[in-house]
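Okay, here's what each chain looks like letter by letter:
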Amino acid sequence: MSKFFKAVTRPFVKAAKAIVKTITNVVSGLVSAITSPFGANIDVPDYDIGTDQSEAIQGVLLNKDSAISHIPVVYGTRKLGGTRVFVSTDGTNNKYLYLAFVLCEGQINAFTKFFVDDNEVTLSSYTHGTVATPTGGDYKDKIKIQFFDGRDTQVSSSILSETPNWTSDHKLSGIAYLAIRFEWTGFNTETDPNNNPFGGGIPLVQAQVQGKKVYDATTLTADSTTSHDTAYDNEPITFTNNPVSCLLDYMRNSRYGKGLANSSFNFDTWKTAADLCNQTVTYTNGTTSKAFTCDAVLDTRNSLMVNIKILLAGFRGMLPYQAGKYKCKIEHGGDDTDISATPSDPTTVFTVTADHMIGGLRLEGETKQHKANRVVVTYVDPEADFQPNDVTFPIDGSSDDIAFLADDNNIRLEKRITLPTITNRAIAEQYARVFLKRSRNQKYVSFNTSLATSNTSVGDLIRVQSDNIGLDGVFRIMDMRINSQGDILIDSIEHQASSYAISASGDDYVRPTLNLPDPFQVIAPTGLTVESG
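Scoring rules and cut-offs
- Residues numbered from 1 in each chain as written.
- Predicted model: local features only at pLDDT ≥ 70, side-chain atom pairs only at ≥ 80, totals over all residues.
- Heavy atoms only, no water.
- Pairing = 2+ DSSP bridges.
- Helix = DSSP H or I, 4+ residues; strand = E, 2+ residues; numbered from the N terminus.
- Axes fitted to C-alpha atoms, helices over the stretch in contact; angles between N-to-C directions.
- Contact = heavy atoms within 4.5 Å.
- Salt bridge = Lys/Arg side-chain N within 4 Å of Asp/Glu carboxyl O.
- Buried < 20%, exposed > 50% of the residue type's maximum accessible area, 1.4 Å probe, protein only.
- Phe/Tyr/Trp six-rings, centres within 6.5 Å; stacked < 30°, edge-to-face > 60°.

A. A look at the sheet that holds strand β28 (residues 471-482). Sheet architecture is open: six strands sit in the order β21-β27-β28-β29-β26-β22, paired in mixed fashion. Looking at the sheet topology across the chains shown, the edges are occupied by β21 (350-352) and β22 (357-364). Here the average twist between neighbouring strands, direction ignored, is 35°. With three bridges connecting them, β21 and strand β27 (residues 461-466) associate as parallel partners. Bridging from a neighbouring strand, V352 pairs with V464 of β27.

Structure follows, in structure tokens:
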């Protein structure tokens, strides 16, 4: 008997078209000189999807049956479940169970680990199209598997072709998937208690993969705004978890992304941002990592805007739209050549004085709404089976915690942030430290201004001067918009370069060691004696 789910479809294509139309309407309704569809956050990132991203991190690992399920996009390295799109049994007494198990959009770089019912199974091969088997353990001689990386030219699975309902036309082109045959060899017996390692029902399958191969944004030329004219489909691609490269792929891919043309990007800013993310930073314990990485599973049920916000939040990114092009910027200390720098007098792009302001200036100090004395960042922990984990700054009872609480009259002001693209604990800790420090040392300035400031954009540092209140400071533009009178409204936040210093400890927490018995292994007792009487 068999159950065949028809070829996997991509229902999100229709949704994407609608979203593209919406984005186009938003952009066309504003003056193209300046706008900020993806500005910066002064508070906890809002992904506008109304769901707990911690639950979404766990949901990635689930198995499901569907013929119309949305296919995720994987960037970087992640462990994930998938969708069973074909299930069939065959052989004497239906001893063979066949699965076509869809993982994600292709082409991905590699398949590195395989899990059955939460047990890692070492395979003889992990290469594209090769029939592999377990090299040992309880599953030896009971599983055959083929991995397909999702290239458009892949052929039909030879394993699934053993069934009458899988033909040479069933290629799942462009989709990374596993073709699996499980073999049931009978019930466990007293003489062979480990004959059947399967727990009953369809086994739970998971895979660890290196995701999409994309164009490396760090290879853009210095003057890419005019010289980068290679078509998306003709670019060299490689595996990278650089978040800027991943975002650039998502915005340019026409299958699951926005499908924007090269003319929509100021590539010079994208290269600068990509280089900053790739920079090696050193933490206080001497360990190092890249400044930002992206290891994400994007849910294509989300709108394009939501997924772009998720990608941006993971590297403190901003995506201002200016003069018909998207720029990519990172919120940092103020030096575009060194993400760890904290210049005392950073370069600004414009000085705003009373001559440029219309109707005065609005200054706001610290408020409980935005201030924090504790920040908890939830990230994806590879050392905990890619489940969500938390890093907290400051640690409860530490000198920093005591000092911050004292400053705030012992009122706990806690902010919680979920970053589903971060899998490095040190990066998550650094994010928490920057967020907290920035929240405690900042003023907010808003004003209306003339078109004299139209060459600035969200993310730029500007100097704001006001003789009336004795203000002369550096501020970062967080939002720009145009009112009905044609005035430019600018919201900005005080820039304190010291808030962005690399100060994370880099220390891991003490992980408990569990030595649980294998429930499928029955070890014969030893040392027994029999006494009569």
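So that's the structure; there's more coming.
B. Representation of the sheet that holds strand β25 (residues 414-418). Ordered in space as β24-β23-β25, the three strands form an open sheet in which the pairing is mixed. Either end of the sheet is taken by a strand with one partner, and the two such strands are β24 (387-393) and β25. The sheet shows a mean angle of 25° between the axes of neighbouring strands, taken without regard to direction. As paired elements, strand β23 (residues 374-381) and β25 share five bridges and run parallel to each other. Residue R374 lies in a different strand from β25, and its bridge partner there is E414. Against the sheet, helix α8 (residues 425-440) touches β23, β24 and β25, its axis set at about 155° to β23.

C. Up close: the pattern of salt bridges. Per the stated rule, a full pass over the model turns up 29 salt bridges. The residue D345 makes a salt bridge to R463 at a minimum N-O spacing of 3.1 Å. Taken as a pair, D345 in the loop between β20 (329-330) and β21 and R463 in strand β27 lie far apart in primary sequence, 118 residues in all. Overall, D345 belongs to the exposed group, its relative accessible area being 53%.

D. Highlighting the packing of aromatic side chains. Taken as a whole and judged by the stated rule, the model has 14 aromatic pairs. Between the aromatic rings of F86 and W166, the centroid separation amounts to 5.1 Å while the plane-to-plane angle is 65°, which identifies the pairing as edge-to-face. One end of the pair, F86, is in strand β6 (residues 82-90); the other, W166, is in the loop between β11 (143-149) and β12 (175-183), with 80 residues separating them in the sequence. Both residues of the pair, F86 and W166, belong to the buried class. Taking 6.5 Å as the distance between ring centres and 45° as the angle between the ring planes, the aromatic pair formed by F265 and Y326 counts as tilted. Separated by 61 residues along the polypeptide, F265 in the loop between α4 (243-252) and α5 (267-278) and Y326 in strand β19 (residues 325-326) bring together distant segments of the chain. The burial state of F265 is the same as that of Y326; both residues are buried. An aromatic cluster of at least three residues, connected via ring pairs, comprises F265, F267, W270, Y321 and Y326.

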